[in-house]
Protein chains: 2
Amino acid sequence: MTGIPGPIAPPPRLLMGPGPISAYPSVLQAMSAPLVGQYDPFMTATMTETQELYRGVWATENEATLLVDGTSRAGIEAAMVSLIRPGDRVLVPVFGRFGHLLAEIAERAMAEVHTIETAWGQVFPVSAIEEAIVSVRPALLALVQGDTSTTMLQPLDEVGAICAKHGVLFYSDATASLGGNAFEADAWGLDAATAGLQKCLGGPSGSAPITLSDRAVEVIRSRAKIEAGIREDGDPDAADFVRSNYFDLGMILDYWGPRRLNHHTEATSMLYGARECARVLLLEGRDAVIERHRLAGAAMLEGVRGLGLEMFGDIAHKMNNVVAVEIPEGVPGDAARAALLEDFGIEIGTSFGPLHGRVWRIGTMGYNAREDAVLTTLVALEAVLRRFGAHVPAGGGVAAAADVYRSG
Amino acid sequence: MTGIPGPIAPPPRLLMGPGPISAYPSVLQAMSAPLVGQYDPFMTATMTETQELYRGVWATENEATLLVDGTSRAGIEAAMVSLIRPGDRVLVPVFGRFGHLLAEIAERAMAEVHTIETAWGQVFPVSAIEEAIVSVRPALLALVQGDTSTTMLQPLDEVGAICAKHGVLFYSDATASLGGNAFEADAWGLDAATAGLQKCLGGPSGSAPITLSDRAVEVIRSRAKIEAGIREDGDPDAADFVRSNYFDLGMILDYWGPRRLNHHTEATSMLYGARECARVLLLEGRDAVIERHRLAGAAMLEGVRGLGLEMFGDIAHKMNNVVAVEIPEGVPGDAARAALLEDFGIEIGTSFGPLHGRVWRIGTMGYNAREDAVLTTLVALEAVLRRFGAHVPAGGGVAAAADVYRSG
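Just so you know, these numbers come straight off a predicted model, no measurement behind them.

Student: Explain the domain arrangement of chain A to me, please; I cannot follow it from the model alone.
Tutor: How big an interface is tends to be stated in terms of accessible area lost as the parts join. All names here are of chain A. As assigned here, chain A comprises domain 1 (23–282) and domain 2 (286–407). Each of domain 1 and domain 2 has a C-alpha centre, and the two are 30 Å apart. The partner domain 2 presents 25 residues to the 28 residues of domain 1 that form the contact. Secondary-structure elements contributing two or more residues to the side of domain 1 that touches domain 2 are α2 (41–58), β7 (152–153) and α9 (268–284).

Student: I'm lost on the nonpolar core in this one. Help?
Tutor: The nonpolar side chains of a soluble globular protein tend to be buried, and buried together. If you look at the biggest cluster of nonpolar residues, it comprises 281 residues, and the most contacted ones within it are Leu83 and Ala106 of chain A together with Leu83 and Ala106 of chain B. With residues up to four places along the chain from it excluded, the contact list for leucine 83 of chain B reads Leu140, Leu169, Tyr171, Ala192, Ala216, Val219 and Ile220 of chain B.

Student: What's the story with the interface of chain B and chain A in this structure? I'm lost.
Tutor: Across the contact, 73 residues belong to chain B and 73 residues belong to chain A. Those elements that provide at least two residues to the side of chain B that touches chain A are α1 (25–31), α2 (41–58), α3 (72–83), α4 (97–108) and α9 (268–284) of chain B. It is α9 of chain B that provides the largest number of residues to the side of chain B that touches chain A, a total of 10 residues. In terms of residue class, the side of chain B that touches chain A is built from 34 nonpolar, 22 polar and 17 charged.

Student: Please clarify how the environment of alanine 224 of chain A should be interpreted in this entry.
Tutor: Residues and elements named next belong to chain A. By secondary structure assignment, the location of alanine 224 is in the loop between α7 (214–221) and α8 (249–256). Given 18 C-beta atoms within 10 Å, alanine 224 falls into the partly exposed group. The spacing of alanine 224 and tyrosine 255 is 31 residues in sequence and 13 Å in space, taken between C-alpha atoms.

Student: Just to check I follow, could you spell out the pairing of strand β4 (residues 112–117) of chain A for this structure?
Tutor: Along any regular strand, the residues point their side chains to alternate faces of the sheet. Residues and elements named next belong to chain A. In terms of strand pairing, strand β3 (residues 89–94) meets β4 through six bridges, oriented parallel. Paired with valine 92 across the strands is threonine 115, a residue of β4. One crossover worth recording links β3 to the parallel β4 by way of helix α4 (residues 97–108), and it is right-handed.

Student: Whenever I open this one, the relation of the copies chain B and chain A confuses me. Can you help?
Tutor: Think of it as a corkscrew move, a rotation about one axis and a shift along it, taking one chain copy to the other. Relative to chain A, chain B is turned by 180° and slid 0.0 Å along the rotation axis, the superposed coordinates differing by an RMSD of 0.0 Å. Interpreted geometrically, this transformation is the action of a two-fold axis. Across chain B, the rotation axis passes nearest the C-alpha of glycine 70 of chain B, at a separation of 2.3 Å.

Student: Even after reading the chapter, I still don't get helix α13 (residues 396–407) of chain A, so can you show me in this structure?
Tutor: One turn of an α-helix holds 3.6 residues; hence residues three or four places apart share an orientation. Residue and element names in this part refer to chain A. A rise of 1.5 Å per residue sets the reference length of α13, with its 12 residues, at 16 Å; its end C-alpha atoms lie 17 Å apart and thus fit the reference within 8%. Those residues of α13 not exposed but buried are Gly397, Val398, Ala400, Ala401 and Val404. Buried residues along α13 cover an arc of 165° about the axis, so they all sit on one side. Looking at α13, the residues exposed on the side facing more than 90 degrees away from the buried face are Arg406 and Ser407. Residues of α13 that are buried make contact with α10 (286–306) and α12 (371–387). Where α13 terminates, the next one or two residues include glycine 408, which has phi positive at roughly 80°.

Student: Quick question: what am I supposed to make of unusual backbone geometry here?
Tutor: One can expect most non-glycine residues to show negative phi and most peptide bonds to be in trans. All names here are of chain A. The omega torsion of the bond from glycine 19 to proline 20 falls at 0°, within 30 degrees of zero and hence cis. Relative to the assigned elements, proline 20 resides in the loop between β1 (14–15) and α1 (25–31). Although it is not a glycine, methionine 110 sits at a positive phi angle of roughly 70°.

Student: Help me understand the packing of helix α3 (residues 72–83) of chain A against α4 of chain A in this model?
Tutor: Working note: a packed helix pair is described by the angle between its axes plus the distance between those axes. Residues and elements named next belong to chain A. α4 packs onto α3 with a crossing angle of 45° between their chain directions and a minimal axis gap of 9 Å. If you check the angle between α3 and α4, you find them oblique. Of the two elements, α3 crosses α4, and the hand of that crossing is right-handed. Between α3 and α4, the residues in contact are Ile76, Glu77 and Met80 and Leu102, Ile105 and Ala106, respectively. Counted by class, the contact of α3 with α4 contains five nonpolar, no polar and one charged residues.

Parameters at a glance
- Residues numbered from 1 in each chain as written.
- Chains lettered and ligands numbered in written order.
- Predicted model: local features only at pLDDT ≥ 70, side-chain atom pairs only at ≥ 80, totals over all residues.
- Domains from an automatic or database assignment.
- Contact = placed C-beta atoms within 7 Å.
- Helix = DSSP H or I, 4+ residues; strand = E, 2+ residues; numbered from the N terminus.
- Core = buried A, V, L, I, M, F, W, Y, C linked by C-beta atoms within 7 Å.
- Buried ≥ 20, exposed ≤ 12 C-beta atoms within 10 Å, placed from the backbone.
- Nonpolar A, V, L, I, M, F, W, Y, C, P; charged D, E, K, R; others polar.
- Pairing = 2+ DSSP bridges.
- Right-handed = clockwise from strand over helix to strand, strands pointing away.
- Least-squares fit on C-alpha atoms with pLDDT ≥ 70 in both.
- Expected span 1.5 Å × (residues − 1).
- Arc of directions from axis to C-beta.
- Axes fitted to C-alpha atoms, helices over the stretch in contact; angles between N-to-C directions.
- Parallel < 35°, antiparallel > 145°, perpendicular 65-115°, else oblique.
- Left-handed = near helix turned anticlockwise from the far one by under 90°.

So, in structure tokens, the structure goes:
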């Protein structure tokens, strides 16, 4: 470094990719609120208040509803490493990259991992999941709700009952979907679910909301271990302990719960941000926010169709908040994305694995699930497509999208 | 929840405990900067720039200097789980609570853990560490630099050479000390060191700076595993993989390095905050910041002595940034702390384990390593001590502290 740089000064961006997305202005504002001490009455009250707000977001009465201090992936690992005993059988239905991730995290947690796979762009019929459960007899089913790599939304509403019938713990990663699509932790029988802020919740990455059923908490409690420096006589000390301190949800629960036993130092600014994400969602209303995502997603879908683009995957099962479009023949995908970013300050997403170079992913999430964001993206995309030689109907995107907004 | 609460509105606090402490105003400001995409050229440039800033903070040329997305404890676990193979012998000299924490994290990482202990309030002579290394022959020495539980600062400057001589990897947790006390990663022969923002770096908890020597990177690289969803032919896939995905520093290095291989979604706001913490430190100058901490710490020490309080521990080895004082006979420790918080908005710290109820810990860190913060704390503490019946020399604290500032 030749000199010390100036204060951070990010360029203006309209983030219309698969996430992270532009945060709600009030969330950014909350991030800069002054800090308080770890056991300040205001701090512990804010933690408790944030738990209650997230019960509203998850549609749950689970006492064990809290935040893991890390990105959405930290939430996934905390859930899995706390619930999986080494050697446990874990079933992961894989319909995109994040299914592979769950399998990989389970493998690192020393589980015996079984996967079933379906083609990218599809989801599983519930019967296929039940068949696999019967055949594998896992301790845990780990199932992504919305996989941004394919944009698909796996229906979960009947899965919990099947898991309960077969005595299987049911975990879902709702990182990409929560807040923009229905998620009913209690009604759907979830034992554990995790998310992140950087998608439909409209905040920065770095805090992972999590909720756990009583049954999940019981499994976690049975593995309790309290660290030597603060252990007292009579505290549990299981041999079958969780192979992580940071992600041991039992300890994190003791920190968030009435015992307030010191664990990590809660990430105060991320707590403030996470609280504000939930607060704006509940102020607008959970159903209203989902409906806003549905409308923005439908408008974006019709808009890109109006530009003559083809969709990827089973549209009937796509998430509200992201659409995958085939890159038109002859258009250089990365150069076109770069032009959109440089000339218009708009970001859309590339893709992973088998879809790389073949589709773009366009998101409408959180704060950006708005008509002006949708229409601005469509006019800019039209300009860029034309610049790279694609034949696009003039104004076709914006007209189709506006129609969706007019007809609701 | 009967209603939805308003925006976050923390009470004003002067945080003079052992951390977390009040953040630099410019750090809070950076936390609310607008977000950009994960692979935005501005984002990747900011990551690279932040790495270079932290090389300055750590006094290192290590290429592998980066942030772990989580609190300081996440940084510790990332270092240990990535460096320790199950069954490896790990030596942890314990001189306070955080030594116990390192031992516990090593145990969770399935190490064969050996500890040596000294009384709380003391540090180890380097000869005791070498003797233990010779006797245990560990793969890794894990040593806290500054343990806030006792306020002691373990001298590290000769430890690296001993580790090198015996072929032992040398890791230090500098969470509580970095920025307020000398730390020379390269000159002292560190293989790994981790910290957090919430102490002398003057930021919020939630991001863990880490630096790794080439030797440490080699160990980590030898255990490489790339997740199935994004693995390409020829990528490594070690059987001896790290038992965590989130904390696998090999993958985190591939995300921060030129390959930019997707791992977690970097916590953008925390990155902005971490960058600003390093930036303000280097703008003021690393040595100047340490000197400011030395001066504030000396002033606070003389100040509490001027109030007639006794110190805990071997003062010759205390950290610059925190002092432990015996709670005077007859003064109810927690009630007095609560009065300080409620009446003056000033937080000082309680203690863990054997020191609980016996000492308070008073910090002078980061932004709060300032004369006005020291003097304000002392006048308020005097008032509170008097209110609880202690006999304190009127103005004795502030006079002694001001003297230190006048004589430098």
